[in-house]
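Structure at a glance
One letter stands for each residue in the lines below.
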Amino acid sequence: METFRNQLNEVRPELMKKQNVVATGIGYKLVGGKPTKDLSIVCSVEIKKTKERLSANDLVPPLIGSLPTDVKPVGLLRAFQDPRERYRPAPGSVSIGHYQITAGTLGCLVKKDGITYILSNNHVLANSNEASPGDPILQPGPYDGGSLTNDQIAVLSEFIPITFEEDDKDSCKIASLSASILNQLARLIGSRSRLRVYRVQQAENHIDCAIAKPLNPEDVINEILGYGKISGVRAGELEMGIKKSGRTTGLTSGTIEQVDVSARVSYGANKTALFTDQLLAGAMSQGGDSGSAVLTDDNYLVGLLFAGSETTTIINRIENVFSALQISLP
């Protein structure tokens, strides 16, 4: 280690002058994306470029003296900012919410019919089915100081309703009561026909999502705070490394531990909903992170975070979200 430190101290100024190099340090060399037991001088770059796109002076040599080097792409390094503050333009991961909720997270920007929208959860932008299209959306959310007077950034455009178990039970009670009344009338008129109530299988939810239209397209920016631009869309798979940037816990990472998950989620106030075809990760979120875009290590969008506990995070598959709302990345 001391040999590497001495060598790095000598060459650091020259390495930092090279195009695209944003950091230097000492770490284990990666081969095929996995760390080896061999120390190396690591040059971190925004984007790993081919040799043809760099001048001879900007190439990181494979050896410095007798010591190996490694090049690691890390994106643009930014000073961390508080996602609960007011942002204009607002990126993904910052505080947002319907004017009658506390606060959630702005997921990312999406397109529908050529128009830019903000994507987040139903319970963040549409107050768990209680809102109406055209309602004000604030950034930051009300809990973080957002006000109707100064902080409206968008209006609710569309949401996919959540089916709650309690609504299903109420419908069954009404159906049973109606059948009972009609059967009594049938007896009075001498009819032998009778109605019987059958319970249809409980409705399942796949997504908790909504979109809002910015009042001014210049008030939003197509990137995720701390991670930059989204690279594309990818299907979430078992053991896939993931990360998110959210209003409450900021930048966190984890692994998809389960797929094809069915989960019963509480929305408070005697509201519970059954969700199927979900992704499950470990402890990488808390209340207020709802709506966060969930990305792979290389910034591909795989899901929309919407629920969890102290030990667990539940994520909508992004392909289900995009299909239901008929949206795409910008």
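Residues numbered from 1 in each chain as written. Predicted model: local features only at pLDDT ≥ 70, side-chain atom pairs only at ≥ 80, totals over all residues. Heavy atoms only, no water.

**Notes on the side chain of Lys244**
Considering the arrangement of structural elements, one finds Lys244 in strand E15 (residues 241–246). The buried charged residue Lys244 lacks any salt bridge partner; its closest oppositely charged side chain belongs to Asp289, at an N-O distance of 4.1 Å. At 2.8 Å, the side chain of Lys244 and the side chain of Thr252 are in polar contact. Residues within four places of Lys244 in sequence aside, it is in contact with Tyr227, Thr249, Gly250, Leu251, Thr252, Met284, Ser285, Asp289, Ser292, Ala293 and Leu305. (Helix = DSSP H or I, 4+ residues; strand = E, 2+ residues; numbered from the N terminus. Buried < 20%, exposed > 50% of the residue type's maximum accessible area, 1.4 Å probe, protein only. Lys, Arg positive; Asp, Glu negative; His and termini not counted. Salt bridge = Lys/Arg side-chain N within 4 Å of Asp/Glu carboxyl O. Polar contact = N/O pair within 3.5 Å; in protein donor to acceptor, adjacent residues only side chain to side chain. Contact = heavy atoms within 4.5 Å.)

**Side note on the pattern of salt bridges**
Applying the stated criterion to the full structure yields 12 salt bridges. Glu14 is the partner of Lys17 in a salt bridge, and the nearest nitrogen-oxygen pair spans 3.4 Å. With Lys17 and Glu14 both in helix H1 (residues 2–17) and three residues apart, this pair spans about one turn of that helix. By the burial criterion, Lys17 is exposed, and Glu14 matches it.

**Thoughts on the packing of aromatic side chains**
Counted by the stated rule, this structure contains three aromatic pairs. Here the aromatic rings of Phe164 and Tyr267 are separated by 5.4 Å at their centres, their planes lie at 80°, and the arrangement is edge-to-face. Of this pair, Phe164 sits in the loop between strand E11 (152–159) and helix H3 (165–188) while Tyr267 is found in the loop between strand E16 (250–266) and strand E17 (272–281), placing the two residues 103 residues apart along the sequence. Their ring planes at 25° and their centres at 6.4 Å tell us that Tyr267 and Phe275 sit as a pair that is stacked. Residue classification places Tyr267 among the buried residues on the basis of a relative accessible area of 17%. Linked through ring pairs, Phe164, Tyr267, Phe275 and Phe306 together constitute an aromatic cluster. Here the basic side chain of Arg234 rests over the ring of Tyr300, its NZ or CZ set 3.8 Å away from the ring centre. (Phe/Tyr/Trp six-rings, centres within 6.5 Å; stacked < 30°, edge-to-face > 60°. Lys NZ or Arg CZ within 6 Å of the ring centre and 35° of its normal.)

**Brief notes about the pairing of E17**
In terms of burial, E17 is a largely internal element, nine of the 10 residues being buried. Of the pairings in the sheet, the one linking E16 to E17 comprises seven bridges and is antiparallel in character. Opposite Ser266, over in E17, you have Thr272 as the bridge partner. Where E16 hands over to E17, the hairpin turn is made up of five residues, of which Gly268 adopts a positive phi near 75°. (Pairing = 2+ DSSP bridges.)

**Comments concerning the sheet that holds strand E4 (residues 67–73)**
Pairing between sheet strands relies on hydrogen bonds along the backbone, with the strands arranged either parallel or antiparallel. The four strands are arranged E1-E2-E4-E3 in an open sheet whose pairing can be described as mixed. Where the open sheet ends on each side, the last strands, each with one partner, are strand E1 (21–31) and strand E3 (63–64). Relative to E4, E3 runs antiparallel, the two sharing two bridges. Each residue of the ladder has a partner; that of Ile64, found in E4, is Leu67. Contacts between H1 and the sheet are confined to E1, strand E2 (34–45), E3 and E4, with E1 contributing the most and set at about 135° to the helix. (Axes fitted to C-alpha atoms, helices over the stretch in contact; angles between N-to-C directions.)

**A word on the nonpolar core**
Of all hydrophobic cores here, the largest spans 21 residues; its most connected members are Ile96, Ile118, Leu125, Ile137, Ile153 and Leu156. Those residues in contact with Ile153 that lie beyond four places of it in its chain are Arg88, Ala90, Ile96, Ile118, Ile137, Leu138, Gln139, Lys213, Pro214, Leu215, Asp219 and Val220. Counting 20 residues, the second-largest nonpolar core is a separate cluster that includes Cys108, Leu119, Ile160 and Phe322. (Core = buried A, V, L, I, M, F, W, Y, C linked by side-chain atoms within 4.5 Å.)

**Let's talk about H1**
Between the first and last C-alpha of H1 there are 24 Å, a value that for 16 residues agrees with the 22 Å anticipated at 1.5 Å per step. Roughly 55° is the biggest bend found in H1, and it falls at Val11, with proline Pro13 one to four residues downstream. All buried positions along H1 are accounted for by Phe4, Leu8, Val11 and Leu15. (Expected span 1.5 Å × (residues − 1). Bend = angle between axes of the 7 residues up to and from the residue.)

**Here we look at the sheet that holds strand E12 (residues 210–214)**
As summarised here, the arrangement of the seven strands in space is E7-E6-E10-E11-E12-E9-E8, forming an open sheet in which the pairing is antiparallel. Each of the sheet's edge strands pairs with one partner strand only, and the pair in question is strand E7 (104–105) and strand E8 (108–112). Relative to E12, strand E9 (residues 115–120) runs antiparallel, the two being bridged by three bridges. Across the sheet, Ser120 pairs through a bridge with Ala210, a residue of E12. Docked against the sheet, helix H4 (residues 318–325) engages E8, E9, E11 and E12, running at close to 130° with respect to E9.

**With respect to unusual backbone geometry**
Residue Pro89 is reached from Arg88 by a cis peptide bond, and omega for that bond is 5°. Topologically, Pro89 is positioned in the loop between E4 and strand E5 (90–92). Between Gln139 and Pro140 the backbone carries a cis peptide bond, its omega angle lying at 5°. Summarising the element assignment, Pro140 is placed in the loop between strand E10 (136–138) and E11. Its identity as a non-glycine residue notwithstanding, Ser93 has a phi of 95°, on the positive side.

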